[in-house]
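Examination of the molecular architecture
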Amino acid sequence: MSELMTPPLIIVGAGLAGWTTAREFRKLDSSTPVLLLTADSGDFYAKPSLSNAFAQGRLPAQLISTPAAKMAETLNVTLLPMTRVSAIDTKAQTVTAGTQILGYSRLVLATGAQAIRVPLEGDAAQQVLSVNSLEDFTTFHAQLQPVDQAADRAARQHVLIMGAGLIGCEFANDLAQAGYRVSVVDPGLRPLSALLPEAASAALQTALEALGVRFYFGATVRAVNTAPEAPASTEGLSVLLANGDQLRASRVLSAVGLRADTALARAAGITVDRAIAVNTRLETSAAQVYALGDGAQYASASSPLSVHGATLPYVMPIMTAARALAANLAGQPCELVFPLMPVSVKTPALPLVVAPPKPGTTGQWTSYSDSAGLISTGIWQWLDEAGLNRGFVLAGAQTAQRMAQSKLVQI
Ligand SMILES: Cc1cc2nc3c(=O)[nH]c(=O)nc-3n(C[C@H](O)[C@H](O)[C@H](O)COP(=O)(O)OP(=O)(O)OC[C@H]3O[C@@H](n4cnc5c(N)ncnc54)[C@H](O)[C@@H]3O)c2cc1C
């Protein structure tokens, strides 16, 4: 078959996972045709910048680091933006997008995850937003008026955030720093409770409260309604909590987590669990079909909780996975091995670095003490049952210890 007849490598999704795969692949193979299909514009932006853009006064358009057309040209990729893949035929090796049926030689699913939406009552429930893309952020940004720093604080818009996890805390810090009033509602008892030891969590709460953030713990939102009086008020929404308390807000942002959309893969008969299951070579259960990014569940991230491994919805795992996948696609067999991948939490009120233990590792957080037995404030290690160090948390100035602490972890 001539090269012209050979179906291309198709990548679905133009997020960090899709574009990084294309870039890494091109470093190893400059000639194989690559076709990238994506439901969005394909513009390249760093998604982490969505949760620290308000305080920096950056507009949505300014977050685009490279326009889609430029990315496609630089990487010699044919791009089909605003094109949603609706079906995969793994036998015929084709994808369906609208009326087009396109053949692939290899297929990479880099379709990401979607914000979880909890069912809410109320006539304004549809106004609750989540931010998991530049498009979402553009909508959210347009709904907030710029802060008039000279105005009375009570007259400023009030954002109620559902969820005190990573994204919720980052937005709380960013919006409060930008001058908005911010409340956070969470069913847990403290911020970032799934990731941090209690003392670090308490320190984060104190730092965010000092910025003006109000926390409502042990609480969930039941309904969001249009406030009956004063529609022009800055607090046009009435938020009913499950415990019966009522709060007023200008906007409600839901940050309760992400879930991979597995419908496309599942309908094609590809094995899915919490996300699309891939082995250590990033292969799915279907021949010539690969996956990575927020939509993938990696066997390389072994977890006693699932035979399919774990999801790793962060930037560093995507970069590592894309390099391994590109090598496999270029005919250089490569087993994906994840190094320790600490995550920086973008809460300038109290910067944090978190290297969580593998899911299912039993143990506990312990304050770090050096060889002389001196306890270092702001450093915690996760010690497993055998006393081995499996992860760490650094707070404030101790975030500078990232490299030193990484060397002490046994992965
Ligand atoms: C606000 C925020 C802040 C974050 N901050 C950090 C941070 O500080 N550090 C960190 O490590 N991580 C952070 N993350 C996580 C990190 O940004 C993500 O893990 C990463 O961007 C996911 O990239 P992805 O390519 O897998 O998915 P996505 O970016 O979701 O891309 C998925 C792509 O697939 C396309 N697509 C989906 N379905 C289809 C279909 N059927 N057909 C065609 N196209 C389709 C979409 O249009 C999109 O282009 C943050 C995430 C958020 C939301």
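As a convention, each chain's residues are numbered from 1 in the sequence order in which they are written. With the structure being a predicted model, the display of local features is reserved for residues of pLDDT at least 70 and the display and counting of side-chain atom pairs for 80 or more, all residues being used for whole-chain, interface and lining totals. Side-chain numbers here rest on the full set of heavy atoms in the structure, without hydrogens or water.

A few points about the sheet that holds strand E26 (residues 389–395)
At least two DSSP bridges between two strands are needed for those strands to be called paired. Helix numbering and strand numbering both begin at the N terminus, where a helix is a DSSP run of H or I of at least 4 residues and a strand a DSSP run of E of at least 2. Pairing within the open sheet is antiparallel, and its 5 strands lie in the order E22-E23-E26-E25-E24. Both outer strands of the open sheet, strand E22 (343–345) and strand E24 (363–369), are each paired with one neighbouring strand and no more. This sheet shows a mean twist of 25° between the axes of neighbouring strands, independent of strand direction. Each axis is a line fitted through C-alpha atoms, and for a helix only the stretch in contact is used; angles between axes span 0 to 180 degrees, taken between their N-to-C directions.

Let's talk about the packing of helix H1 (residues 16–28) against helix H7 (residues 315–329)
One can describe the packing of H1 onto H7 by two numbers: an axis separation of 8 Å at closest approach and a directional angle of 40°. By the angle between their axes, H1 is oblique relative to H7. For the pair H1 and H7, the crossing hand works out as right-handed. Across from Leu16, Ala17, Thr20, Thr21, Glu24, Phe25 and Leu28 in H1, the residues of H7 making contact are Val315, Ile318, Met319, Ala322, Arg323, Leu325, Ala326, Ala327 and Leu329. Three categories are distinguished: nonpolar for Ala, Val, Leu, Ile, Met, Phe, Trp, Tyr, Cys and Pro, charged for Asp, Glu, Lys and Arg, and polar for the others, with Gly belonging to the last. Residue composition of the contact of H1 with H7, grouped by class: 12 nonpolar, 2 polar and 2 charged. An angle counts as roughly parallel when it lies under 35 degrees, as roughly antiparallel when it exceeds 145, as roughly perpendicular when it falls between 65 and 115, and as oblique in every other case. Definitions for this section: a left-handed crossing has its near helix turned counterclockwise from the far helix by less than a right angle. A right-handed crossing has that turn clockwise. Any two residues whose heavy atoms approach within 4.5 Å at even a single point are treated as in contact.

Examining the site of the ligand
Taken together, 31 residues lie around the ligand, and Asp40, Val85, Asp294, Val315 and Lys346 are the ones closest in. The contact in question runs from an oxygen atom of the ligand to an N or O atom on the backbone of alanine 17, over 2.9 Å. Contacts described as polar in this section are N or O atom pairs within 3.5 Å, which, within protein, must combine one atom able to donate a hydrogen with one able to accept it, while residues neighboring in sequence count only if both atoms come from side chains. Here an oxygen atom of the ligand and a side-chain polar atom of lysine 346 are 2.5 Å apart. Working definition of accessibility: Shrake-Rupley area with a 1.4 Å probe, residue cover restricted to the visible protein chains. Isolated, the ligand exposes 1,000 Å² of accessible area, and the fraction of that covered by the protein chains is 91%. Among the secondary structure elements, those contributing two or more residues to the shell around the ligand are H1, helix H4 (166–177) and H7. At 3 residues, H4 tops the list of elements feeding residues into the shell around the ligand. When the residues that make up the shell around the ligand are grouped by side-chain class, the tally is 15 nonpolar, 10 polar and 6 charged. Structurally, the shell around the ligand is a two-domain feature, drawing no fewer than three residues from each of domain 1 (9–113 + 259–329) and domain 2 (125–254). Distances are taken per atom, and a residue is near a molecule or strand as soon as one of its heavy atoms is within 4 Å of it. Per the annotation, domain bounds derive from an automatic or database assignment of domains.

So, empty space enclosed by the protein
A 1.4 Å probe that fits but cannot get out identifies a cavity on a 1 Å grid over protein atoms alone, an open set with protein on both sides within 12 Å along at least five of seven lines counts as a pocket, and a residue lines either if it has an atom within 4 Å of a point. Grid points are joined across faces, edges and corners, and a volume is the space filled by probe spheres set on the points. Overall, the coordinates contain 1 cavity of 30 Å³ or more when judged by the stated rule. Space inside the largest cavity adds up to approximately 30 Å³. In this structure, the largest cavity is lined by Leu166, Leu195, Tyr314, Val343, Val345, Val354 and Pro356. When its residues are assigned to classes, the lining of the largest cavity shows 7 nonpolar, no polar and no charged.

Section: the packing of aromatic side chains
Ring pairs are drawn from Phe, Tyr and Trp, using the six-membered ring of Trp, whenever the two centres fall within 6.5 Å, and their geometry is named by plane angle: stacked under 30 degrees, edge-to-face over 60, tilted for the rest. Under the definition given, this model contains 7 aromatic pairs. Look at tyrosine 298 and phenylalanine 338: their rings are 5.0 Å apart centre to centre, the planes differ by 80°, and that puts the pair in the edge-to-face class. Here the residue tyrosine 298 occupies a position in strand E21 (residues 296–298), and phenylalanine 338 occupies one in the loop between H7 and E22, the gap between them amounting to 40 residues. Neither tyrosine 298 nor phenylalanine 338 differs from the other in exposure class; each is buried. Here the aromatic rings of tryptophan 365 and tryptophan 382 are separated by 5.2 Å at their centres, their planes lie at 80°, and the arrangement is edge-to-face. Relative accessibility decides the category of a residue: with a 1.4 Å probe and only protein chains considered, values under 20% of the type maximum give buried, values over 50% give exposed, and everything between is partly exposed.

Description of the domain arrangement of the protein chain
The assigned domain composition of the protein chain is domain 1 (9–113 + 259–329), domain 2 (125–254) and domain 3 (351–408). Taken over C-alpha atoms, the centre of domain 1 sits 33 Å from the centre of domain 3. Across the contact, 6 residues belong to domain 1 and 4 residues belong to domain 3. The junction of domain 1 with domain 3 conceals about 310 Å² of combined surface from both sides, 64% of it contributed by carbon and sulfur atoms. Viewed at the interface, domain 3 and domain 1 are joined by 0 residue pairs in polar contact (both at pLDDT 80 or more). Per-class residue counts for the side of domain 1 that touches domain 3 are 4 nonpolar, 2 polar and no charged. Here the buried area means the combined drop in accessible surface, using a 1.4 Å probe, for two parts upon being joined, counting both sides.

Things to note about the sheet that holds strand E12 (residues 181–186)
The parallel open sheet is built from 4 strands, whose spatial order is E13-E12-E11-E17. With partners counted over all chains shown, the strands left at the sheet margins are strand E13 (214–217) and strand E17 (251–254), one partner each. The mean inter-strand angle of the sheet, taken between neighbouring strand axes irrespective of direction, is 20°. Along the sheet, H4 makes contact with strand E11 (158–162), E12 and E17, crossing E11 at roughly 170°.

Describing the pairing of strand E6 (residues 85–89)
The pairing of E6 with strand E7 (residues 94–97) spans 4 bridges and is classified as antiparallel. The residue bridging aspartate 89 from the neighbouring strand is threonine 94, located in E7.

A few points about the environment of leucine 63
If you trace the backbone, leucine 63 turns up in the loop between strand E3 (44–45) and strand E4 (64–66). A relative accessible area of 3% means that leucine 63 is categorised as buried. Spatially, the C-alpha atom of leucine 63 lies 27 Å from that of alanine 400, the residues being 337 residues apart in sequence. Leucine 63 has contacts with Phe44, Tyr45, Ala46, Ser49, Leu50, Ala53, Arg58, Leu134 and Phe137, leaving out every residue within four places of it along the chain.

Focus: the pattern of salt bridges
Here, a salt bridge means any Lys or Arg side-chain nitrogen found within 4 Å of an Asp or Glu carboxyl oxygen. Across all of its chains, the model carries 5 salt bridges by this definition. With a closest N to O distance of 3.0 Å, glutamate 24 and lysine 27 form a salt bridge. One end of the pair, glutamate 24, and the other, lysine 27, are both in helix H1, 3 residues apart, so they sit about a helical turn from each other. Owing to a relative accessible area of 58%, lysine 27 belongs among the exposed residues under this scheme. A salt bridge links glutamate 235 to arginine 181; its shortest N-O distance comes to 3.2 Å. In this pair, glutamate 235 sits in the loop between strand E14 (221–226) and strand E15 (237–241) while arginine 181 sits in strand E12, placing the two residues 54 residues apart along the sequence. Each member of the pair, glutamate 235 as well as arginine 181, carries the same accessibility label: buried.

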